[in-house]
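Below, each chain spelled out in residue letters.
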Amino acid sequence: MKTLRSFILSLAVIACGSLFAQESQKDLERISKNHGEYYFTLNVQQPSEIQTISQFCSVDNFDGKTKVTCYAGLEQYQNLLRQGYQPTLMMPPSLQVKAEMWDGNDRANYDWDAYPTYEAYEAMMYQFGTDHPDKCEILTLGTLESGRKILVARLNNGETEGKPKFLYTSTIHGDETTGWIMMLRLIDYLLENPNEPEVQNVMDNIDLFIGPLANPDGTYHAGNNNVNGAWRYNHTNYMDLNRNYADPHGGPHPDGNEYQLETLWFMQLAEDYDFVMGANYHGGSEVVNYPWDNTHTLHADDDWYRLVSREYADLCQQHDSNYMDDLNNGITNGADWYMIGGGRQDYMNGYHQCREVTIECSGNKLVPANTLPMYWDYNKEAIFAFMNQCLYGVHGVVTDSLTGQPIEATITVSGHDDQYSFVSSHLPAGDFHRPIKGGSYSFIFSAEGYCPKMIDVTVADYETVNLNVQLVPGSCILASFGASATQVAMGQGVSFTDESFGDIVAWNWSFEGGTPANSNQQNPTVTYNEVGDFDVTLTITDANGDSQTLTKENYIHVREAYNMQNGTVETCNALFYDAGGPSNNYGNNQNYTMTFKPDTEGSMIRATFSEFSTEANFDYLYIYDGSSANATLIGQYDGSDSPGEVTATNEEGALTFRFTSDQGVTAFGWVATVSCVGDYEPLMLEVTAEPELINEGETSQLNVTVTGGDGNYTYTWEPAETLSNPNIANPVATPTEPETIYKVVVTDGQGSSESGEVTVSIRDWSLQEDGFLPHVYPNPTKGNFTIDMRGAYSYTLCNGVGQQLLSGKAEGKANIEALLAPGVYFLQIIGEDGIKTEKLVIEK
Ligand SMILES: [Zn+2]
């Protein structure tokens, strides 16, 4: 479909020929000078030269080889020429096509296929709030000298307490306008389609903030009635706002400039609201860019970032396989592409633990207005799926064990988190939200004046675990530690880091299978010289002589290790590194071919890559399904495009790896484990719904457990309309029919498929024996209400974050006095014949 887009583009070119004609460098010089912003390419020998160029211009793109695209103001541009650079000027993106404008009239017939004038944009934003005061509040972050405002819509169902906050923004670069219209349309869609399950899910469960236009002075640089002539920079100070933020790895003012008003206002928004997740839309490429932008160190949640970025790109590609496929098929680690300092993404992640990504959503920055609806269609599912990710992982409320009051606590994951990835619980509800890749973790809850607490949690991708935690007032010690690596090659050193709480004066470590076997250092380094899975134990002691011991069982996995070389190895249990081994880069000009064969008959080699990094576009790892490089090519991998998990399917069960590097630049390489899996087993499904019988409007958690196949499963559930996501193993169903049969088809990477089904029924209360149906009245109430129901039952009243406020047992009619603040509560009644939850509204 790239062809369709270029087709539409070429129509626009014909329609406005003069705007897009081939201009000479001299003409472009004149056009750029008039425009006030220069857009050009430069050639580099090495990617590292981009750092130098960044001092003279704002780097916008890098093709991974030699070509850097850049913006500069007049002064910067002349400075660049004086430095001896020879830029090739291009037509500024905002002058490449004629932008169809919409003046705000006849809103009912506006189809999102023209760019609004500034007045139309501002009016539309405020109108959202006027038309839907119960669901939408328009925050005015500030008014610029130009009179233009930065506006953010806050959307929810009227309840905000205890919900994760999510932030979508766009167009911090004023000439990257596609995301702006998508965000504007998203607000409209959420407000105008209240009965769509995907809309209800967001409005009911998320406190959502959407700022469609972060740089209005840039977008309307040429005037309020035209986006042709838009600038990347802000209007007043020729500044790239996405280089103007405080940088966790570069400190305050990384660009050497004062914070601009636009920057200050967004930094204040981030201070005021504790965002759990976010995304910032750009244009000029089609890729999801995840942290970090300003360091090659991976984010502690790198595996989670790759999961959610991959999901975004995959959902877009379902509409058009040639869309959202730049760099590593639509995703990239920021620094692997090119490094920038002072970006919004790193600021939000580093200073606010808001898991934010940068989404480049159109190859052209200013797309012909009649293609805007297509971008919405391509992105819509991904936009919703990405928001929903803030509902998965581990969530809950932290309270004082004595008073029951919510408290502000710090939540860290033992041996996993770093200084940027922890989360906090926030008042008034004491709620915390921790998206994380599926796995088993030890969560630590700590707060000033309380004893820290460690809780083991297992969570799967797309699963929500609720964890309400009570902390006991007092001061206590808590043992915790991490390791520099847990998959270890024989002979490799491992650094252990003490992460304990309390005034610890003594550390006593023991390392099964390690040398030394014991240590009294706080952060010892240990070498492992034999193969096996080993426990690590730490005992800490404080000045009072109190001590505590933590053992992590089978924590360190020591394997035989093989560095990339020519040859064949028979094994079913090994580590596999590039030629530089576990800690060094691979070398220049390498060309190795290595084959792994199983050492048990009938098995298949499986390689699982936990880290992967090569020089993108130059240094490649090829994987073949067989015992030589003549076998079928499974894939070729470079940059941060990790092979992930690869399993042999050939008769010998062998995998062959070939690696080639060029001269000049090397990289870390890879860490993979090599294991064996049994013969190919047919797919087997177990399909469940929990619960299978629900009340009207309630949800049921569907799940399919799959065994056999090659492990690369894809899922298709039907009917899709009432599911949170029909393409995952465990969607949430909100059926509307008395009986719904949910059918799932699971397909593996070999193309084998198997289907299964489960029925979810809605309880028909009219069929219950006379008198069972509970009557709750009056509802809404000013406080007191009556439950009327046959037989004995128990009842519980909870608030929106699940805190239990009152409960009791009764028989027949019960008058209940509830002295509670106005709001929406949930009354659960458990009788002999079933459970019923009613929404109870308390009014002033
Ligand atoms: Zn941008």
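Our subject is the structure listed above.
If you're wondering where the values come from, they're calculated on a predicted model, not measured in any experiment. (Residues numbered from 1 in each chain as written. Predicted model: local features only at pLDDT ≥ 70, side-chain atom pairs only at ≥ 80, totals over all residues. Heavy atoms only, no water.)

> Go over the overall build of the chain with me, naming the residues and quoting the values.
Within the chain, the regular secondary structure consists of 15 helices and 52 strands. Rg of the C-alpha trace for the chain: 29 Å, near the compact-globule value of 28 Å for 844 residues, within the 12% margin. Its C-alpha atoms give the chain principal-axis dimensions of roughly 90 × 75 × 60 Å. In the chain, which comprises 844 residues, the proportion classed as buried is 53%. For the chain, the proportion of contacts with a sequence separation of at least 24, taken over those separated by at least 6, is 68%. Within the structure as shown, the chain displays about 35200 Å² of accessible surface, and the carbon and sulfur contribution to it stands at 45%. The chain carries 42 positive and 113 negative side-chain charges, and their two centres are separated by 7 Å. (Helix = DSSP H or I, 4+ residues; strand = E, 2+ residues; numbered from the N terminus. Rg over C-alpha atoms; globule rule 2.2 N^0.38 Å. Buried < 20%, exposed > 50% of the residue type's maximum accessible area, 1.4 Å probe, protein only. Contact = heavy atoms within 4.5 Å. Areas by Shrake-Rupley, 256 points an atom, 1.4 Å probe, with all protein chains shown as cover. Lys, Arg positive; Asp, Glu negative; His and termini not counted. Charge placed at Lys NZ, Arg CZ, Asp CG, Glu CD.)

> Which residues make up the sheet that holds strand 8 (residues 149-155), and what values do they have?
The 8 strands are arranged 7-8-10-9-11-14-12-13 in an open sheet whose pairing can be described as mixed. A strand with exactly one partner marks an edge of an open sheet, and here the two such strands are strand 7 (136-143) and strand 13 (331-333). The mean angle between the axes of side-by-side strands here comes to 20°, regardless of whether they run parallel or antiparallel. One ladder, built from 3 bridges, connects strand 8 with strand 10 (residues 207-211); its direction is antiparallel. Bridging from a neighbouring strand, A153 pairs with I210 of strand 10. Along the sheet, helix 10 (residues 261-272) makes contact with strand 7, strand 8, strand 9 (165-170) and strand 11 (275-282), crossing strand 7 at roughly 140°. (Pairing = 2+ DSSP bridges. Axes fitted to C-alpha atoms, helices over the stretch in contact; angles between N-to-C directions.)

> Go over the state of the cysteines, please, and point to the residues and values.
Here the structure, examined in full by the defined rule, presents 3 disulfides. The partner cysteine of C57 in its disulfide is C70, sulfur to sulfur 1.9 Å. Between C57 and C70 the disulfide shows an S-S torsion of about 80°. By sign, it is right-handed. Placement of the pair is C57 in the loop between helix 4 (49-53) and strand 2 (58-62) and C70 in strand 3 (residues 67-73), with a sequence separation of 13 residues. (Disulfide = S-S within 2.5 Å.)

> Quick one: what's the story with the sheet that holds strand 39 (residues 655-660), residue by residue and with numbers?
With mixed pairing, 5 strands are arranged side by side in an open sheet as 32-34-39-36-37. Across the chains shown, the open sheet's two edge strands, defined by having one partner strand only, are strand 32 (567-570) and strand 37 (632-637). Neighbour-to-neighbour, the strand axes of this sheet turn through a mean angle of 20°, independent of strand direction.

> If you had to explain unusual backbone geometry to someone new, which residues and values would you point to?
At the junction of E718 and P719, the peptide bond is cis and its omega measures out at -10° in the coordinates. In this model, D106 sits at a positive phi of 55°, which is unusual for a non-glycine residue. Inspection of the secondary structure puts D106 in the loop between strand 5 (101-102) and strand 6 (115-116). The backbone of W112 shows a phi angle near 60°, a positive value even though the residue is not glycine. Note that W112 resides in the loop between strand 5 and strand 6.

> Before we move on, can you summarise the side chain of D625 with the specific residues and values?
Among the secondary structure elements, D625 is positioned in strand 36 (residues 620-625). The buried charged residue D625 lacks any salt bridge, with R606 as its nearest oppositely charged partner at 11 Å. Polar side-chain contacts of D625 include one of 2.5 Å to the side chain of T649. Within the local environment of D625, its side chain forms a polar contact with the side chain of N650, the two groups lying 2.7 Å apart. With residues up to four places along the chain from it excluded, the contact list for D625 reads A631, T632, I634, A648, T649, N650, A654 and L655. (Salt bridge = Lys/Arg side-chain N within 4 Å of Asp/Glu carboxyl O. Polar contact = N/O pair within 3.5 Å; in protein donor to acceptor, adjacent residues only side chain to side chain.)

> Describe the coordination of the zinc ion, and please don't skip the residues or the numbers.
Only H173 (ND1), E176 (OE), E176 (OE) and H282 (ND1) from the protein coordinate the zinc ion, and they sit 2.0 to 2.7 Å from it. Metal-centred angles of 53 to 149° between the 4 donor atoms at the zinc ion mark the site as irregular. (Donors = N, O, S within 2.8 Å, 3.2 Å for Na, K, Ca; no water. Tetrahedral: all angles 85-135°; square planar, octahedral: opposite > 155°, others 65-115°.)

> Describe in detail the packing of aromatic side chains, supporting the description with residues and values.
Counted under the stated rule, the structure contains 49 aromatic pairs. With 6.3 Å between their ring centres and 10° between their planes, Y290 and Y305 make a pair best called stacked. Of this pair, Y290 sits in strand 12 (residues 285-290) while Y305 sits in helix 11 (residues 302-317), and the two are 15 residues apart along the sequence. Given a relative accessible area of 2%, Y290 falls into the buried group. Ring centres 4.9 Å apart and planes at 65° place the aromatic pair F576 and F596 in the edge-to-face group. Residue F576 is found in strand 33 (residues 573-577), and its partner F596 is found in strand 34 (residues 591-597); the two are separated by 20 residues along the sequence. (Phe/Tyr/Trp six-rings, centres within 6.5 Å; stacked < 30°, edge-to-face > 60°.)

> Tell me what's going on with the pairing of strand 33, and back it up with residues and numbers.
With respect to burial, strand 33 is a largely interior element, 4 of its 5 residues being buried. Relative to strand 33, strand 31 (residues 547-563) runs parallel, the two sharing 4 bridges. Within the sheet, the bridge partner assigned to N563 lies in strand 33 and is Y577. Looking at chain direction, strand 33 and strand 40 (residues 669-677) are connected through 5 bridges and run antiparallel. Residue pairing across strands places Y577 opposite V671, the latter belonging to strand 40.

> Explain the environment of Q590 to me, using residue names and the numbers behind them.
The residue Q590 is located in the loop between strand 33 and strand 34 in this model. You can call Q590 buried: its relative accessible area is 12%. Separated by 70 residues in the primary sequence, Q590 and T660 place their C-alpha atoms 5.3 Å from one another. Among all residues touching Q590, those that are not within four sequence positions of it are A579, F659, T660 and S661. Looking at Q590, its side chain comes within polar contact range of the main-chain nitrogen of G587, at 3.4 Å.

> Can you tell me about the pattern of salt bridges, naming the residues and giving the values?
Pairing is possible between side chains that carry opposite charge, provided their charged atoms lie close to one another. Enumeration according to the criterion identifies 23 salt bridges in this entry. Close ionic contact of D27 with R30 constitutes a salt bridge, the shortest N to O distance being 3.7 Å. Within this pair, D27 and its partner R30 are both found in helix 3 (residues 25-35), separated by 3 residues, close to a single helical turn. Under the relative-accessibility criterion, D27 is labelled partly exposed at 27%. Given a relative accessible area of 48%, R30 falls into the partly exposed group.

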